Structures are given as C-alpha cells and as structure tokens.
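Summary of structural features
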Amino acid sequence: MQKTYTMIKPDGVRNGHIGEIVNRFERAGLTIERMELGMVTDEQAKANYAEHEGKPFYEGLISYITSGPVVKMVVSGEGAVAKCRSLMGATNPAEAAPGTIRGDFGLIMDENVIHGSDSPESAEREIGIFFA
Ligand code: IDP
C-alpha cells in the first residue's frame, strides 16, 4: 500500500472545493489516512518547494501557499502517488483535461487548486514536512 501527500491549496479551500476533492479521492478507491485544515508556515513552504528556489515564480508561490488555510492530507492506496497525480491533472489548469481537479476547478497556473507528491520519495519527505 503506497502513501502520498496531497494538499488542497488556498484557492481550492476559498472556492469551496474541499468536499468534492475528497469525494473524488474516495471514489477512486483511495483512503484518507490523515487530514488537517490549517496554515502552511514559511518554513514548510520553503522546504516543500526547495527545488523551485530562484525561479521567477518562487517568491509568489511561497506567499500564495502561506496566504490562507489549506487542507493537508495523507492519502493511501495501490499506486496512490500516480492515482492522485492523475486525478489532479496537468500543472497548468488551462492544459488540464476536463474531469481532472485542476481542469474542473483551476483557472491559472499560480493558483492551481491542489498539490500532490510526484514520487514515493517526495511523498515520504513531504509527509515529514507537514505531519512532523
Ligand atoms: P506540480 O504541482 O504539478 O508538481 P511543479 O512543477 O512541481 O508542478 O510546480 C509546483 C507549483 O509551482 C505548481 O503547482 C504551480 O503552483 C507553481 N508553478 C510551477 N510553474 C509555474 C510557473 O511557470 N508560473 C507560476 N507558477 C508555477
């Protein structure tokens, strides 16, 4: 059984998509192992997005992810990492397929509704950051 870290970003919470997103995970056969509504600290944001440090969108990304409550989740199931990524859709909502979370609820790249770990190794690292 694989675990992944996923997080409904401030726009997803603000726009009222928590229930629908959790419902999609459960309908896909995934299990919500842990779930917490709260703020992301500056330290957590910087640790989670360390690979993007120095990129033009980095500062905006850190201030956005710390700008309002998020829903932090540990989700488990067979192939949970890939399943979550596929439910999420492409990073840019404009390119995300209809029926995916970003395709249905996202508008712009900077505010794309949801985060999900991109590998089992990232998942372990990110679960450590957000559920220390
Ligand atoms: P992912 O979230 O689909 O894994 P990453 O490339 O890891 O995509 O980027 C992390 C986050 O950084 C994205 O979800 C998005 O919010 C933001 N981001 C990535 N590229 C850009 C960009 O070119 N402009 C603005 N924001 C970006």
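Just above sits the structure.
These lines cover the structure that appears in this document, whether it is placed above or below.

Each value, and the rule that gives it
- Residues numbered from 1 in each chain as written.
- Predicted model: local features only at pLDDT ≥ 70, side-chain atom pairs only at ≥ 80, totals over all residues.
- Heavy atoms only, no water.
- Helix = DSSP H or I, 4+ residues; strand = E, 2+ residues; numbered from the N terminus.
- Rg over C-alpha atoms; globule rule 2.2 N^0.38 Å.
- Buried < 20%, exposed > 50% of the residue type's maximum accessible area, 1.4 Å probe, protein only.
- Lys, Arg positive; Asp, Glu negative; His and termini not counted.
- Charge placed at Lys NZ, Arg CZ, Asp CG, Glu CD.
- Arc of directions from axis to C-beta.
- Contact = heavy atoms within 4.5 Å.
- Near = heavy atom within 4 Å.
- Polar contact = N/O pair within 3.5 Å; in protein donor to acceptor, adjacent residues only side chain to side chain.
- Areas by Shrake-Rupley, 256 points an atom, 1.4 Å probe, with all protein chains shown as cover.
- Nonpolar A, V, L, I, M, F, W, Y, C, P; charged D, E, K, R; others polar.

1. Considering the overall build of the chain
Counting its secondary structure elements, the chain contains seven helices and four strands. Tracing the chain from N to C terminus, the helices and strands come up as β-α-α-β-α-α-β-α-α-β-α. Against the globule reference of 14 Å for 132 residues, the chain gives a C-alpha radius of gyration of 13 Å, in line with a compact fold. Counting over 132 residues, the chain shows a buried share of 48%. Computed over 13 positive and 19 negative side-chain charges, the inter-centroid distance for the chain is 3 Å.

2. Considerations on helix α5 (residues 80-88)
Those residues of α5 that fall on the buried side of the exposure criterion are Ala80, Val81, Cys84 and Met88. Taken down its axis, α5 places every buried residue within 105 degrees of arc, on the same side. Across from the buried face of α5, at angles greater than 90 degrees, the exposed residues are Ala82 and Ser86. Packed against the buried residues of α5 are β1 (2-8), α2 (18-27), β3 (70-77), α6 (101-105), β4 (114-116) and α7 (120-130).

3. Observations concerning the environment of Ser86
Checked against the element boundaries, Ser86 lands in helix α5. Exposure remark for Ser86: the relative accessible area of 53% places this residue in the exposed category. A C-alpha to C-alpha distance of 9.9 Å links Ser86 and Ala97, two positions eleven residues apart in sequence.

4. Considerations on the site of the ligand
The local shell around the ligand consists of Lys9, Tyr49, His52, Phe57, Leu61, Arg85, Thr91, Arg102, Met109, Asp110 and Asn112. Note that an oxygen atom of the ligand is positioned 3.0 Å from one of the side-chain N or O atoms of Lys9. Contacts to the ligand include Arg85, whose side-chain N or O atom sits 2.9 Å from an oxygen atom. A total of 530 Å² of accessible area belongs to the ligand in isolation, and the protein chains cover 79% of it. Split by residue class, the shell around the ligand holds four nonpolar, three polar and four charged.

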